[in-house]
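# Tertiary structure, described
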Amino acid sequence: MTVGADREPAPRRRDARRNRELLVEAAHEVFAEQGLEAPLDVIARRAGVGNATLYRHFPTRAALVDAVFRDQLGGTTAAGERARTAPDAWSGLHTYLRDVFGTLAADRGTNDLMTTRVQGVEALDAVHAHNRQTLELLLSRGREEGTVRSDVTTEDVLFALAALGRAVPALTTAASADAWHRPLALLLDSLRPAPAPLPDPPLTTAQLGDVLRELGPHRAPARDVREQ
């Protein structure tokens, strides 16, 4: 049977699929290291392809971001589903936010996605909607059960989570991989009618200075380690 003129030969299709896979793998690595604003030419070089190949598969940054993080964002949705079925609202809220912040600490690209708004990423829109619904449900249950203060709103919590979550990469870089546990506990306790003891250890003065430097615009941009 003759291959039609409008059909791509099988070897070329296989090469195209492989190039797409390489680009997604490379983008995941680079976004995790440098965040979503990492240069696309760095991603193309790490994948071993040219810029034209990258743009042929992913004409926009949003399309590449969606391909990279769609499955990973699904983990946040699954954590929300588990939290909704927790035996009480407080344990559900506590476990859910620890899961979310563990993800924010592990991957700078996911952190950028979850703590800001990126237009055109369909998977992200779904996760933001599910996250809001999960928090609304847990806060409402918590108020009914007397474990969440009556005057807190979903917007209060979403804003606080975004602000704290944005600082997580700086915390883990300047202090320790688990440094986010204490400020998250402080945030959670602000939702309680009565606070609980904070986990140790607190930041030292030097660590706080390091965190603030990591957050600043003067932070040195990350370089592709393969260029060094």
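That block above? That's the structure.
Residues numbered from 1 in each chain as written. Predicted model: local features only at pLDDT ≥ 70, side-chain atom pairs only at ≥ 80, totals over all residues. Heavy atoms only, no water.

### Regarding the overall build of the protein
From N to C terminus, the protein includes ten helices and zero strands. For the protein, the succession of helices and strands along the chain, N to C, is α-α-α-α-α-α-α-α-α-α. Split into buried and exposed, the 228 residues of the protein put 38% on the buried side. In the protein, the share of contacts with a sequence separation of at least 24, taken over all contacts with a separation of at least 6, comes to 67%. For the protein, the accessible surface area stands at approximately 12600 Å², while carbon and sulfur atoms represent 54% of it. (Helix = DSSP H or I, 4+ residues; strand = E, 2+ residues; numbered from the N terminus. Buried < 20%, exposed > 50% of the residue type's maximum accessible area, 1.4 Å probe, protein only. Contact = heavy atoms within 4.5 Å. Areas by Shrake-Rupley, 256 points an atom, 1.4 Å probe, with all protein chains shown as cover.)

### As for the nonpolar core
Counting 55 residues, the largest nonpolar core has Phe31, Ile43, Leu93 and Phe101 as its most contacted members. Those elements that provide at least two residues to this core are α1 (10-34), α2 (40-47), α4 (61-84), α5 (89-106), α6 (108-115), α7 (122-145), α8 (154-174) and α9 (181-190). Examining the composition of this core, we find that eight residues originate from one element, α4, more than from any other. Excluding residues that lie within four positions of it along the chain, Phe101 makes contacts with Leu161, Leu164, Gly165, Val168, Trp180 and Leu184. (Core = buried A, V, L, I, M, F, W, Y, C linked by side-chain atoms within 4.5 Å.)

### So, α4
Between its first and last C-alpha, α4 extends 33 Å over 24 residues, near the 34 Å set by a 1.5 Å rise per residue. At Arg70, α4 is deflected by roughly 50°, the largest bend along its length. Of all the residues in α4, the buried ones are Ala62, Leu64, Val65, Asp66, Val68, Phe69, Leu73, Thr76, Ala79, Gly80 and Ala83. (Expected span 1.5 Å × (residues − 1). Bend = angle between axes of the 7 residues up to and from the residue.)

### Comments concerning the side chain of Thr154
Inspection of the secondary structure assignment puts Thr154 in helix α8. Note on Thr154: relative accessible area 10%, which makes it buried. If we ignore the near neighbours within four places in the chain, the residues touching Thr154 are Arg132, Leu135, Glu136 and Leu139.

### Re α6
Among the eight residues that make up α6, eight are buried, leaving the element largely enclosed by the rest of the structure. Every buried residue of α6 is accounted for by Arg108, Gly109, Thr110, Asn111, Asp112, Leu113, Met114 and Thr115.

### Section: the packing of aromatic side chains
What the rule picks out here adds up to two aromatic pairs. Ring centres of Phe31 and Phe69 lie 6.1 Å apart, and the angle between their planes is 25°; this geometry places the pair in the stacked category. Placement of Phe31 in helix α1 and of Phe69 in helix α4 is noted, with a sequence separation of 38 residues between them. Per residue, the accessibility class of Phe31 equals that of Phe69, and both read buried. (Phe/Tyr/Trp six-rings, centres within 6.5 Å; stacked < 30°, edge-to-face > 60°.)

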